[in-house]
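Okay, here's what each chain looks like letter by letter:
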Amino acid sequence: MNATVSPRAMATTAYRSIFISDTHLGTRGCRAEFLADFLKSVSCENLYLVGDIIDGWRLRRSWFWDHHHDEVLRLILRAARGGTNVVYVPGNHDEVMRKYVPLSPEICGVKLQMETEHTTADGKRLLITHGDSFDSVVRHAKALALLGDWAYTMALGLNRYFNQIRVRLGYPYWSLSAWLKLQVKEAVKAIDRFETALADDARRRGFDGVVCGHIHHAEMRTVNGVLYLNDGDWVESCTALVEHKDGKLELVDWVARNKLSLLTRPSGKASLTKEAVMQAMAEFGADQHDAEAASALPART
């Protein structure tokens, strides 16, 4: 089965808003080719990047970046240049971007905010946050979180071999890592606590719902009278939350909708070198530092 969507399936669908998170660009697990297909097939007034878009944790340890990753970034920037309201809410894996939030930067038309809010066409106020601040493991025990990240990566690797055997036996793709997450009693409890904590916080602050990511578990349900909306990830589930023109919210499963195979890996050409990206980030950091210093200078008369 092909790893990309057929041309017939690429007719553009216009949404009012799109929410994506946990793409983890810079990792081998990222399904950037599917995400690029999705972004090419849609248009929207608002695009919310709800954290863990670029995986800084992994890029510090090992380098992976191919032309599919480049294409995703180009499509996001093209949307911003074309008038789409693009807001980037950093997560824990791209936390390096958070130190620039106080400067209220806008990078190539992309607004950087710690959290934001969105009002749907039918009047629902939604809080948009990555969600890691409600994860006690990330907040209080970062070393344990890093260990969990390593374990998840190992599970994804085992998943590939496991599914290769299933395919030879005539069985369809099945996510071992997702199954383990939902079979471990404490993990299920943690997901429930996470969802409840986010919903309760949104309700206390007067919101009708909350949009988040972080736990790689797409979900749309009502929790204690508040809409809990998790847009999932682009590592395994390949899901996005979309708002239609009338305000209706829907979770889009791109793999299921297009009958794609998560077992198929693209032959991605190596693209930017680590040195090139690090240099670009250093220049960006220098630009932000200069802007901060300039704003601190007394006004000239």
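Just above sits the structure.
Residue positions are given per chain, counted from 1 along the sequence in the order it is written. Given that the model is predicted, a residue must reach a pLDDT of at least 70 before its local features are reported, and side-chain atom pairs must reach 80 or more before they are shown or counted; all residues, however, enter totals for whole chains, interfaces and linings. Values reported for side chains reflect all heavy atoms of the structure, with hydrogen atoms and water molecules removed beforehand.

Q: Help me understand the overall build of the chain in this model?
A: Put simply, DSSP marks the helices as runs of H or I at least four residues long and the strands as runs of E at least two long, and each gets a number from the N terminus on. Along the chain, the regular secondary structure elements total 9 helices and 12 strands. Counting only residues that meet the buried cut, the chain has 48% of its 301 residues in that class. In this analysis, two residues are considered to be in contact whenever any of their non-hydrogen atoms come within 4.5 Å of each other. Within the chain, residue pairs in contact and separated by at least 24 positions form 72% of the contacts whose partners lie at least 6 positions apart. Looking at the chain as shown, the accessible area adds up to about 15,200 Å², and 57% of this sits on carbon and sulfur atoms. Here's how the labels work: a residue is buried when its accessible area is under 20% of the maximum for its type, exposed when over 50%, partly exposed in between, all with a 1.4 Å probe on protein chains only. Computed with a 1.4 Å probe, the accessible areas rest on the Shrake-Rupley method; for each residue, only the protein chains presented here act as cover.

Q: How should I be thinking about helix H1 (residues 32-40) in this particular structure?
A: Since one α-helical turn is 3.6 residues long, residues separated by three or four positions face the same way. The element H1 is extensively covered by neighbouring structure, given that 8 of its 9 residues are classed as buried. Turning to H1, its buried residues number three or more, namely Ala32, Glu33, Phe34, Leu35, Ala36, Asp37, Phe38 and Leu39.

Q: Sorry, what's going on with the pairing of strand S9 (residues 219-223) here?
A: One face of the sheet, then the other: side chains in a regular strand alternate in exactly this way. Where S9 and strand S10 (residues 226-230) come together, 5 bridges link them in antiparallel fashion. Among the inter-strand pairings, Val223 is bridged to a residue of S10, identified as Val226. Connecting S9 to the next strand, S10, in antiparallel fashion are 2 residues, including Asn224 with a positive phi near 50°. DSSP calls a pair of strands paired once it identifies at least 2 bridges connecting them.

Q: Looking at this structure, how should I read the pattern of salt bridges?
A: Where charged atoms from two side chains of opposite charge approach closely, those side chains can pair. Salt bridges are defined as contacts in which a side-chain nitrogen from Lys or Arg sits within 4 Å of a carboxyl oxygen from Asp or Glu. Taken as a whole and judged by the stated rule, the model has 14 salt bridges. Among the salt bridges present, the one from Asp37 reaches Lys40, with a minimum N-O distance of 3.9 Å. With a gap of 3 residues between them, Asp37 and Lys40 both fall in helix H1, about one helical turn apart. Accessibility expressed as a relative area gives 4% for Asp37, which makes it buried.

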